[in-house]
Amino acid sequence: MTVCSGPSSRVTTTILWVLISTTQAARWYPKSLPCDVTTPENGTTVLVNCNERRLTEVPKEVPSNVTNLTLTINHIPFIDKTSFKGLENLTEIDFRCNCVPIKIGPKDHVCTKSLSVEDGSFSALTNLRVLYLDGNQLSSIPRGLPPNLIVLSLEVNRFSSILKTNLSELTNVKYLYFGQNCYYRNPCNTSFQVEDGAFYHLKMLTLLSLKSNNMSYVPHNLPTSLKELYLYNNNIQRISKEDFQNMTNLEILDLSGNCPRCYNAPFPCVPCPNDSPIQIDLHAFQALKKLKILRLHSNSLRKVPPEWFKHTDSLKVLDLSANFGYRDNSCCFSKIFTQA
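Quick caveat, the model's predicted, so the values are computed rather than measured.

A. Highlighting the overall build of the chain. The helix and strand inventory of the chain stands at two helices and 19 strands. The 340 residues of the chain split such that 48% are buried. Considering only residue pairs separated by 6 or more positions, the chain has 54% of its internal contacts joining residues 24 or more positions apart. When the accessible surface of the chain is summed, it comes to about 16000 Å², and 50% of that surface belongs to carbon and sulfur atoms.

Quick look at the structure:
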């Protein structure tokens, strides 16, 4: 279960968790606290690690000066307004995998009822910047999230749609992870829907991950601030000229696994009809002048038109692995390689 294993390896690894030296805290916290407490030498961060402690509620003994609280891989069925009462110094909460989807979770503790989150449970945490709620079978974004939140991760849950109203409170968010809400190990039996313009008002958003969601189209009206967009392993069969027309700051685009080449695939794989490739308009990438990395792995491509790269002067990495044989595309690759 990679979503549950170890400390989060995403952006907060560099924002909040890089500690040159960590020491065991003096025993100023209650001995009854079933967690590890550590502090860095600078004394400004207090880490409370309650990973895999078989907890059924947030411990009341958590010290009030905690800044980073880890509650991963427990059995906590609910979060309410009292769960983090008095913990206003929190900057990060890692609450992954307290109710992992049945096909992914442990067989000795099957979770059949999703995590319950009371509206406003996080609203008093005005210093909170990072919140991980992956692997909890949530079907909606909790209401009352603090406005200063920068990172929100909701992967491996039960979302089937994203609406504008779901994101109205996240005015300062920079990193959004919504992946793996609908794929073979976490099936939803429906097509994932994103309301037109659902992300448009998020003017600070730089990374958006919607991987493995059974989406059939590129969400419309994405914010121009985006630098990284991950749409791999969906069911997108066509990329139009308009899909990326306003994404002038985009640097990384991953469209891999849409119309996959399924030969010898080590997982359940459904190709597009007649093994057809993903259909990409000749001018789909014309606005992506800052694009550095383009991944088109396993898209059943048989040719790579040079028109795709006419305006991608910053492109450094092009991944075309696991496609079908191409016609001669030396004209396209020479442009990329001369910039490396």
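B. Up close: the nonpolar core. Grouped together as the largest cluster of nonpolar side chains are 79 residues, with contacts concentrated most on Phe84, Phe122 and Phe199. By size, the runner-up hydrophobic cluster in this structure holds eight residues, among which are Val130, Tyr132, Tyr230 and Ile252.

C. The arrangement of the pairing of strand 2 (residues 36-40) in detail. Among the five residues of strand 2, four are classified as buried, and the element is accordingly described as predominantly covered. For strand 2 and strand 3 (residues 47-49), the ladder comprises three bridges, and the chain directions are antiparallel. Opposite Val37, over in strand 3, you have Val48 as the bridge partner. Taking the residues between adjacent antiparallel strands as the criterion, strand 2 and strand 3 are bridged by six residues, where Gly43 takes a positive phi near 75°.

D. Representation of the pattern of salt bridges within the structure. Tallied over the full model, the rule gives three salt bridges. Linking Asp94 and Arg96 is a salt bridge whose minimum nitrogen-to-oxygen distance equals 2.8 Å. On the basis of relative accessibility, which here comes to 5%, the residue Arg96 falls in the buried class. We note a salt bridge from Asp319 to Arg295, for which the minimum N-O separation is 3.7 Å. Residue Asp319 is located in strand 19 (residues 317-319), and its partner Arg295 is located in strand 18 (residues 293-295); the two are separated by 24 residues in the primary sequence.

E. Here's a closer look at the packing of aromatic side chains. Taken as a whole and assessed by the stated rule, the structure comprises eight aromatic pairs. An angle of 80° between the planes, with centres 5.4 Å apart, marks the rings of Tyr183 and Tyr184 as edge-to-face. With a centroid separation of 6.3 Å and an interplanar angle of 65°, the aromatic rings of Trp308 and Phe309 are classed as edge-to-face. By the burial criterion, Trp308 is buried, and Phe309 matches it. Grouping aromatic residues by their ring pairs yields a cluster made of Phe244, Phe285, Trp308 and Phe309. Geometry around Tyr132 places Arg96 over its ring, the cationic atom sitting 6.0 Å from the centre. Taking NZ or CZ as reference, Lys203 lies 3.8 Å from the ring centre of Tyr200, over its face.

F. Geometry of the environment of Thr39. Its location among the elements puts Thr39 in strand 2. Accessibility expressed as a relative area gives 15% for Thr39, which makes it buried.

G. Structural view of the state of the cysteines. What the rule picks out here adds up to six disulfides. Disulfide pairing places Cys4 opposite Cys97 at an S-S distance of 1.7 Å. Across the disulfide from Cys4 to Cys97, rotation about the S-S bond amounts to roughly -90°, and the bridge is consequently left-handed. Pair noted here: Cys4 is in the segment before helix 1 (12-15) and Cys97 is in the loop between strand 6 (92-94) and strand 7 (116-117), with a separation of 93 residues, a long-range link. Take Cys4: its relative accessible area is 3%, and that puts it in the buried class. Disulfide pairing is shown between Cys99 and Cys111; the S-S distance is 1.9 Å. Looking along the S-S bond of the Cys99-Cys111 disulfide, the torsion reads about -95°, which is the left-handed sense. Highlighted residues: Cys99 in the loop between strand 6 and strand 7 and Cys111 in the loop between strand 6 and strand 7, separated in sequence by 12 residues.

H. Molecular detail of unusual backbone geometry. At Cys97, a position not held by glycine, the phi torsion is positive, near 60°. Notably, Ser212 is not glycine yet its phi reads approximately 50°, a positive angle. Note on placement: Ser212 falls in the loop between strand 13 (207-209) and strand 14 (228-230). Ser212 gets classed as buried once you look at its relative accessible area, which sits at 8%.

Cut-offs used in this document
- Residues numbered from 1 in each chain as written.
- Predicted model: local features only at pLDDT ≥ 70, side-chain atom pairs only at ≥ 80, totals over all residues.
- Heavy atoms only, no water.
- Helix = DSSP H or I, 4+ residues; strand = E, 2+ residues; numbered from the N terminus.
- Buried < 20%, exposed > 50% of the residue type's maximum accessible area, 1.4 Å probe, protein only.
- Contact = heavy atoms within 4.5 Å.
- Areas by Shrake-Rupley, 256 points an atom, 1.4 Å probe, with all protein chains shown as cover.
- Core = buried A, V, L, I, M, F, W, Y, C linked by side-chain atoms within 4.5 Å.
- Pairing = 2+ DSSP bridges.
- Salt bridge = Lys/Arg side-chain N within 4 Å of Asp/Glu carboxyl O.
- Phe/Tyr/Trp six-rings, centres within 6.5 Å; stacked < 30°, edge-to-face > 60°.
- Lys NZ or Arg CZ within 6 Å of the ring centre and 35° of its normal.
- Disulfide = S-S within 2.5 Å.

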